[in-house]
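Listed here are the chains, written in short residue letters.
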Amino acid sequence: MIQKHDRSDRRFLTFPAVHPCSAVSPATLLDSLISLSRSICSYQSKFFPTQRKIAREALRQVAILLIFFEEIQERGRPNLSDSAVLCFSELHLALQKVLFLLQDCTREGARLRALTKAGFIATQFRVLIRTVATVLDVLPLRTIDVSCEVKELIELVAKQARKAKLEIDPEDETAMNRVTSILDGFENRIKPDRRSVEPVLDYLEIRSWSECQSEIKFLDDEICLQYQDGNERELPLLSSLVGFMCYCRGVLFDTGEYGTFDQTDRMCNLETIPFLNPEDFRCPISLELMNDPVTVSTGQTYDRVSIQKWLQAGNRLCPKTGEILSNTELVPNSALRKLIQQFCVDNGVSLSKSRKKNRDITRTIVAGSPSAAEAIKFLSVVISNRMYFGTEEQKNRAAYETRLLAKSNTFNRSCLVESGTVPPLLNLLNSTDPSVQENSISALLKLSKHSSGKKAIVENGGLKPILRVLKNGLKLENRQISAATFFYLSSVHEYRKLIGSTPGAIQALADLIKDGTNCGKKNAVVAIFGLLLHHSNHQRVLSAGLVPILVNILASSNVDDLVTDSLAVLATLAESVEGSVSILQTSPLPIVISTLQSSTSRGRKEYCVSILLYLCMNCGVDAMSDLARNHPSLMPLLYSLTTDGTSHASKKARSLIRMLQKFQETSSSGLKNSAVPQECFIHVR
């Protein structure tokens, strides 16, 4: 009957207690009360950073109740009256809540949060202890078979519970006031000294880097839950506490042990994450994420719905440039659409709900509170100074702190870039210590997600040292992270050209695709994809011999994301005649058709049909004759796509069907044209 009280999914300071069933037997109820009381009494040996006096009082009372319950059980089958069972049921409900409170007061990482909630927690303890007193007052004790000594103890507990002064601990209140003073100081741009901060940490027994990190993680989780629930009332305080603990972690614990990134974070570094600047993906008209980006004759891109409304209203000027549109043709921008879709998948953004404000995109652009903002600014300056003037160990620690602070927080990245962390991080890439190089390139990766970070990296000559890591990184992970960094940098139009023209950059990415791990290959493939958004890089990618490497991935890899990204690159390359010729020379048709047939991904199928369509358009009879003669299964697949594929895949499939039918008609009539007129297909991309 008793609940599982160590539920990890229970939120902090919530009390999901349940009332025992009215039909529960006295014996079962008593067993559950004993088990529950023992669980509570096990907290007698645990450290309470706050609520020490009131928790001891609660534990003392429950320990006496446990004696009471056990004696009833020892005397045989309990013969409890209905009123006694009702009282025991009420005690069971109250004790569940007491256990929840004790769990939260001792929860890992919740010390600072429990301190700020000390008044609320004290009130809950007081209510529960008074509830126990009330229940014991009405409990028909004389009808229960226990010794006189135990009855006297129970009566004493009831009396003390009624009279006990259960107010907030004065020491808790003093510590709370210290925290409030420090946060107010941050807000007023007053940097705290150690003499004001250390007493708080000492009181809570937060005495190491890892304990600070545990507090920050807990507070971050609380912030996420608050956003999830739409309850923003406490967000400024929680953000301020995070800023305070980050400051303590980076400033006070700059010597001794410090953490290591867990496997989850390491995988985040090694997996490719699309550009994290949503402004690149917003329609200039609606200012919202583009569901279906299309390009007009001036080269500007808009969301299809928005630009269609603009044109239907009789406008013939480009909304962004003011130029007269030479035509009203809307060309789908499939490359950008792919990036937006991947961005939404990785960041939990629903395109169907993109017209609603999405906190997951914007909530870290600004600090959660003025106090948090100033704390991070102070810390960023400290970190930057250490990387410039510190010892080698201090520089490594500062790079690690940068890496940690910049993780998934846009405001932190902005502060770190503004404080000047990028130049020393670039210098640290030359280190002969693999750990230093890893922390530095990982920090740069995270800073490159911010527009000012991209600019600082490029303007401080960062492309060459990052390229050196890509080629000869001291660890394979470092090479993979540098490839991801190039991907972020390629989100800026002029940087795509700059990276592509940097000697050896595209070749180094191609080498990583050929010889790297799956994570390294994926990072390098999407970096290439980003560079292909600048047309001058197409020939460079072809010259690097990338096509046969990608075709080999299609034939041998079982990593779905890697296969999809490889198809995306091949589809982009196939848009040009040179790219189509290079692809066709690798004899890819059986592999592409097999992928089209076996894949369950609609996106992957669209890339496959795009490749086939462009091969036929650009290589003419060479491609079409092979498809028509050697792949009879293709036509049923194409017909299926016209009804079951994406809108773009359906259009491309219909175009390819018409091309192949036209080819077969001309072949059967004895006409041996080397090319098929392409005017019918000019609208398909």
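The shown structure was predicted, so the numbers you read here are calculated from the model rather than taken from an experiment.

J.: Please explain the overall build of the protein as it appears in this structure.
T.: Looking only at helices and strands, one finds 34 helices and three strands in the protein. Counting over 685 residues, the protein shows a buried share of 55%.

J.: Would you take a moment to explain the pattern of salt bridges for this structure?
T.: Two side chains bearing opposite charge may form a pair once their charged atoms approach each other closely. Tallying each qualifying case throughout the model produces 24 salt bridges. When the shortest N-O distance is used, the salt bridge between Arg403 and Glu438 registers 3.6 Å. With Arg403 in helix α16 (residues 392-405) and Glu438 in helix α19 (residues 434-447), the pair connects residues that are 35 residues apart, well separated along the chain. According to the relative accessible area criterion, Arg403 is buried, its value standing at 2%. Measuring nitrogen to oxygen at the nearest pair gives 3.8 Å for the salt bridge that ties Lys652 to Glu606. On the criterion of sequence distance, the pair formed by Lys652 in helix α34 (residues 647-668) and Glu606 in helix α31 (residues 602-619) is long-range, its members being 46 residues apart. The two residues Lys652 and Glu606 agree in class, both being buried. Where salt bridges share partners, they join Arg10, Asp104 and Arg107 into one cluster.

J.: What is the right way to read a nonpolar patch on the surface from this model?
T.: A cluster of nonpolar side chains, contributed by Ile67, Leu153 and Leu156, occupies part of the molecular surface with about 220 Å² of accessible area. For Ile67, the position within the fold is in helix α2 (residues 52-74).

J.: Help me understand helix α5 (residues 118-138) in this model?
T.: Count 3.6 residues to each turn of an α-helix, and residues three or four apart come out pointing the same way. For α5, which comprises 21 residues, the first-to-last C-alpha distance of 31 Å matches the rise-based estimate of 30 Å (1.5 Å per residue) to within 8%. Along α5, the positions that sit buried rather than exposed are Ala118, Ile121, Ala122, Phe125, Leu128, Ile129, Val132, Ala133, Val135 and Leu136. With its buried residues spanning 165° around the axis, α5 presents them on a single face. Looking at the buried positions of α5, the neighbouring elements they touch are α2, α3 (82-105), α4 (111-116), α6 (148-163) and α7 (170-187).

J.: What exactly am I supposed to notice about the sheet that holds strand β3 (residues 331-332) here?
T.: Backbone hydrogen bonds are what pair the strands of a sheet, in a parallel or an antiparallel way. Pairing in this open sheet of three strands is antiparallel, and the strands run β2-β1-β3 from one edge to the other. At either margin of the open sheet sits one strand with a lone partner, and together these are β2 (301-303) and β3. Pairing geometry for strand β1 (residues 293-295) and β2, over three bridges, is antiparallel. When the bridges of β2 are listed, Val294 appears paired with Tyr302. On top of the sheet, helix α12 (residues 304-312) reaches β1, β2 and β3; it is set at about 95° to β2, its chief contact.

J.: What exactly am I supposed to notice about α12 here?
T.: Inspection of α12 places Arg304, Ser306, Ile307 and Leu311 among the buried residues, and these make up the whole buried set. All buried residues of α12 project into a common sector of 165° when viewed along the axis, lining one side. Turned more than 90 degrees from where α12 packs its buried face, Lys309 and Gln312 sit exposed. Where α12 is buried, its residues touch β1, β2, β3 and α34. Taken from the residues just after α12, Gly314 is the one with a positive phi, measuring 95°.

J.: Looking at this model, I keep getting lost on the packing of aromatic side chains. Mind explaining?
T.: In this description, a pair of aromatic rings is defined by centroid distance and the angle of the planes. Applying the stated criterion across every chain yields a total of nine aromatic pairs. On the numbers, 5.2 Å between centres and 80° between planes, the contact of Phe12 with Phe218 is edge-to-face. One end of the pair, Phe12, is in the segment before α1 (26-41); the other, Phe218, is in helix α9 (residues 209-229), with 206 residues separating them in the sequence. With respect to class, Phe12 is no different from Phe218; both count as buried. Aromatic side chains Phe487 and Tyr488 sit 5.8 Å apart centroid to centroid with 75° between the ring planes, which places their arrangement in the edge-to-face category. Judged by relative accessible area, Phe487 falls into the buried class, the value being 2%. Residue class for Tyr488 comes out buried when judged on its relative accessible area of 2%. What links up through ring pairs into an aromatic cluster is the set Phe68, Phe69 and Phe88. Taking NZ or CZ as reference, Arg52 lies 4.4 Å from the ring centre of Tyr203, over its face. The aromatic ring of Phe120 is capped on one face by Lys117, whose charged end is 5.1 Å from the ring centroid.

J.: What is the right way to look at unusual backbone geometry in this model?
T.: As a rule of thumb, non-glycine residues mostly have phi less than zero, and peptide bonds are mostly trans rather than cis. Look at Leu13: it is not a glycine, yet its phi comes out positive at around 55°. Phi at Ser587 takes a positive value of approximately 50°, unusual for a residue other than glycine. Here Ser587 lies in the loop between α29 (577-584) and α30 (589-598).

J.: So what exactly am I meant to see when it comes to the packing of helix α21 (residues 463-472) against helix α24 (residues 505-515) here?
T.: What describes two packed helices is the angle between their axes and the distance between those same axes. As a packed pair, α21 and α24 sit with axes 9 Å apart at the nearest point and diverge in direction by 30°. The pairing of α21 with α24 is recorded here as roughly parallel in orientation. At the point where α21 passes α24, the crossing takes the left-handed sense. Here Leu467, Leu470 and Lys471 of α21 come into contact with α24, specifically with Ala505, Ala508, Leu509 and Leu512. Of the residues assigned to the contact of α21 with α24, the class counts are six nonpolar, no polar and one charged.

Rules used throughout
Residues numbered from 1 in each chain as written. Predicted model: local features only at pLDDT ≥ 70, side-chain atom pairs only at ≥ 80, totals over all residues. Heavy atoms only, no water. Helix = DSSP H or I, 4+ residues; strand = E, 2+ residues; numbered from the N terminus. Buried < 20%, exposed > 50% of the residue type's maximum accessible area, 1.4 Å probe, protein only. Salt bridge = Lys/Arg side-chain N within 4 Å of Asp/Glu carboxyl O. Patch = residues over 30% accessible without salt bridge, like charges linked within 9 Å, V, L, I, M, F, W, Y side chains within 5 Å. Areas by Shrake-Rupley, 256 points an atom, 1.4 Å probe, with all protein chains shown as cover. Expected span 1.5 Å × (residues − 1). Arc of directions from axis to C-beta. Contact = heavy atoms within 4.5 Å. Pairing = 2+ DSSP bridges. Axes fitted to C-alpha atoms, helices over the stretch in contact; angles between N-to-C directions. Phe/Tyr/Trp six-rings, centres within 6.5 Å; stacked < 30°, edge-to-face > 60°. Lys NZ or Arg CZ within 6 Å of the ring centre and 35° of its normal. Parallel < 35°, antiparallel > 145°, perpendicular 65-115°, else oblique. Left-handed = near helix turned anticlockwise from the far one by under 90°. Nonpolar A, V, L, I, M, F, W, Y, C, P; charged D, E, K, R; others polar.

By themselves these figures say nothing about function.
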